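This is what each chain is made of:
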Amino acid sequence: MKSEKILNSHVKFASFILVLIVVLIFTFFYSITMGSVDISVNEIGKIIANKVFRQGIIDDIPRSIQDIIWEIRLPRIVLALFTGIGLSISGVIMQAIVKNPLADPYILGISSGASLGATLAIMLGVGAFFGSNFVGVSAFLMAFLVSLMVLALANVRGKSDAIRLLLSGMAMNTMCSAISSFIIYTSSDREGMRTVAFWLMGSFSGANWNNLKLLMPVILMALVFFLTQKRTLNVMLLGDEVAVTLGKKLTAIRHLYLLLISAMMGFLVFNAGIIGFVGLIMPHLTRLIVGTDHNRVLPTVALLGAILLIWADVISRIIITGSELPVGIIISLVGAPCFIYLMIKSSYGFGGA
Amino acid sequence: MDLEGPKLNIKFKDIKVKFDEVPILKGIDLEVKNKAFIGIIGPNGSGKSTLLKCLYRVIKANGGHISLDDHLLEKISLKESSQKMAVVAQHNEHQFDFSVFDMVLLGRTPHKKFLEKDNVDDYQIVSDALEKVGMSAYQNRSYSTLSGGEKQRIILARALAQKSECLILDEPTNHLDIKYQLQIMGIAQKLNITTISAFHDLNIAALFCDKLVAMKDGQIYAQGSPEAVLTKENISALYEVSTTVSKDPKSGKIHIRYTPEGF
């Protein structure tokens with residue numbers, strides 16, 4: 001390739017990322033104005049400036065408006081943003097680790113582990129001593145525990161490989177779901193069942209600054225870390241043998257990645273429940289647009305994931321007046337048909353080549 | 001450690017490999033001189049590929065040592081050894097697709113420090129490598145859409161982009177038609193660097209190699225010039241096939257005709 005041509009494609013990609021950043025900023029502020037109470041952009045700007053930078057005076061804005069913005073809308077949107085980043089990045093890494101385009105962050109058994117934790121907590125009151133948020137805490141603990149067990153299982157008898165990891169994940173998934181189903185089936189607590197179902201479908205309604213203070217640094221650190229791993233991720237797609245001939249030993253690196261993803265997913269489950277589809281689809285959607293090179297995939301997928309989840313949350317809040325749909329339903333309902341359309345229209349091979 | 005310099009001598013000393021207590025290599029001693037083109041021949045299961053895999057560090061030997069110049073291979077980092085040796089192996093199918101250019105660019109990995117970006121020099125090296133294998137026109141194609149022969153040429157280009165002093169060919173042409181087999185070996189020969197290749201086709205091995213190493217049951221059965229190794233008796237002992245061996249009057253190369261019973 002001529003160097004001008006490469007430079008040209010770099011400039012094109014940089015402008016694309018810039019556009020995505022602008023769209024994300026727009027989405028972020030626009031979504032704050034969406035809701036049952038009309039609040040002007042001007043007021044929102046003032047409130048955020050005051051709360052974040054301690055600038056300006058907002059005494060002329062009613063206390064209730066301040067609370068709606070700062071305590072209700074903003075935390076949810078921030079949670080949606082970070083969930084989008086976390087899920088999409090984890091999806092990309094997971095697919096690279098197992099070299100399988102069907103992988104998503106939940107194959108480590110995290111979703112069924114979390115469901116089991118939540119079911120145990122809601123139906124049987126397990127972990128009530130963790131305080132008011134004990135459902136989330138037991139979901140987090142079970143999710144993390146199960147993913148560690150999957151990793152350990154994949155490593156029994158020495159070398160772990162992608163297939164063993166996938167199969168251990170599947171086995172643990174099935175086992176955890178079976179236990180959850182058993183508990184639900186033998187219980188007569190209808191209200192509890194509904195709570196479990198709602199919880200499993202994922203929602204941002206429980207967002208608050210206390211939990212976000214923990215989640216934000218975790219996701220940001222993981223994002224920054226993985227952005228430094230772009231070359232290794234590219235090599236990872238070629239397999240362990242080729243990686244060795246290119247000077248990289250992947251075994252230890254893979255374990256580090258998996259641990260990081262487990263932790264990240266545990267925090268996400270704790271804050272937002274289980275939101276499927278994003279971690280599977282966003283990596284594919286991104287590769288469809290920018291190709292397989294992780295230099296391009298990682299920044300793009302993080303931005304696209306954030307934008308998608310904020311919009312999904314907005315829709316879930318306004319689609320039924322006076323009520324809200326679980327965000328997972330919106331994503332699957334809108335995402336699946338869009339994805340099928342892209343799949344039919346383009347020549348992208350989805351890794352199957 | 002200073003490994004610079006144009007020379008690369010490789011020494012295998014008493015290399016032993018076992019899989020589940022079954023000995024695959026039973027103590028291989030071999031010396032590969034700088035810039036030699038060495039062919040390894042032998043029937044399936046004789047240990048050709050295992051020997052090469054020990055060299056390119058996918059398999060760890062249970063005994064013995066390999067040294068590059070005077071440095072023990074196990075004391076050298078993977079990064080350093082991948083700057084010294086580039087590999088083209090047999091299977092190069094992947095689940096995820098790269099553009100041809102990006103695929104070759106991955107060959108620059110051993111030379112890159114943590115967080116170092118690809119620069120104009122890397123792009124130039126990739127362009128040159130693609131040129132050498134005659135695939136310049138394909139650089140924007142996606143790798144998965146190429147034919148088997150084209151893929152192997154791209155992988156060869158990736159190995160060239162590693163700018164190594166040694167090229168290891170682990171039966172890369174096995175499933176390719178004769179045109180590509182000759183083409184890939186021809187490109188490798190022109191590089192004029194140390195080359196070690198496993199061969200199935202004895203005539204092709206005779207055509208390109210300075211020296212042949214014949215393996216049988218995890219041991220070296222014979223080694224030397226193609227004339228010395230590819231005798232009627234040796235081939236019969238290695239492959240249990242009867243042949244007529246002659247010398248091509250024009251090229252002076254060994255020529256083997258298979259003459260199984262009934263022909």
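Since we're looking at a predicted model, the values are computed, not measured. (Residues numbered from 1 in each chain as written. Chains lettered and ligands numbered in written order. Predicted model: local features only at pLDDT ≥ 70, side-chain atom pairs only at ≥ 80, totals over all residues.)

(A) View of unusual backbone geometry. Unusually for a residue other than glycine, Lys 99 of chain A sits at a positive phi of about 50°. Turning to its location among the elements, Lys 99 of chain A is positioned in the loop between helix 3 (63–98) and helix 4 (110–124). We classify Lys 99 of chain A as partly exposed; it has 19 C-beta atoms within 10 Å. The phi angle at Leu 115 of chain B is positive, at roughly 70°, despite the residue not being glycine. (Helix = DSSP H or I, 4+ residues; strand = E, 2+ residues; numbered from the N terminus. Buried ≥ 20, exposed ≤ 12 C-beta atoms within 10 Å, placed from the backbone.)

(B) Broad picture of the environment of Arg 57 of chain B. With respect to the element layout, Arg 57 of chain B can be found in the loop between helix 1 (48–55) and strand 4 (63–68). Separated by 17 residues in the primary sequence, Arg 57 of chain B and Glu 74 of chain B place their C-alpha atoms 8.8 Å from one another. Residues contacting Arg 57 of chain B, with those up to four places away along its chain left out, are Val 244 of chain A together with Leu 78 and Ser 81 of chain B. (Contact = placed C-beta atoms within 7 Å.)

(C) Expanded view of the sheet that holds strand 8 (residues 194–198) of chain B. Residue and element names in this part refer to chain B. Pairing is mixed across the open sheet formed by six strands, whose spatial order is 6-7-8-3-9-10. Two strands in the sheet have a free side with no partner beyond their single neighbour: strand 6 (85–88) and strand 10 (219–224). If you compare each strand with its neighbour and ignore which way they point, the axes differ by 15° on average. Strand direction decides the pairing type here: strand 3 (residues 37–41) and strand 9 (residues 211–216), joined by four bridges, are parallel. When the sheet's bridge partners are listed, Ile 40 is paired in strand 9 with Val 213. Where helix 1 meets the sheet, it contacts strand 3, strand 7 (166–169), strand 8 and strand 9, and its direction lies at approximately 145° from that of strand 8. (Pairing = 2+ DSSP bridges. Axes fitted to C-alpha atoms, helices over the stretch in contact; angles between N-to-C directions.)

(D) Representation of helix 8 (residues 209–227) of chain A. Residue and element names in this part refer to chain A. Taking 1.5 Å as the rise per residue, helix 8 with 19 residues should run 27 Å; its terminal C-alpha atoms sit 26 Å apart, in good agreement. Along helix 8, the positions that sit buried rather than exposed are Leu 215, Ile 219, Ala 222 and Phe 226. Buried-residue contacts for helix 8 involve helix 3, helix 11 (251–272) and helix 13 (294–318). (Expected span 1.5 Å × (residues − 1).)

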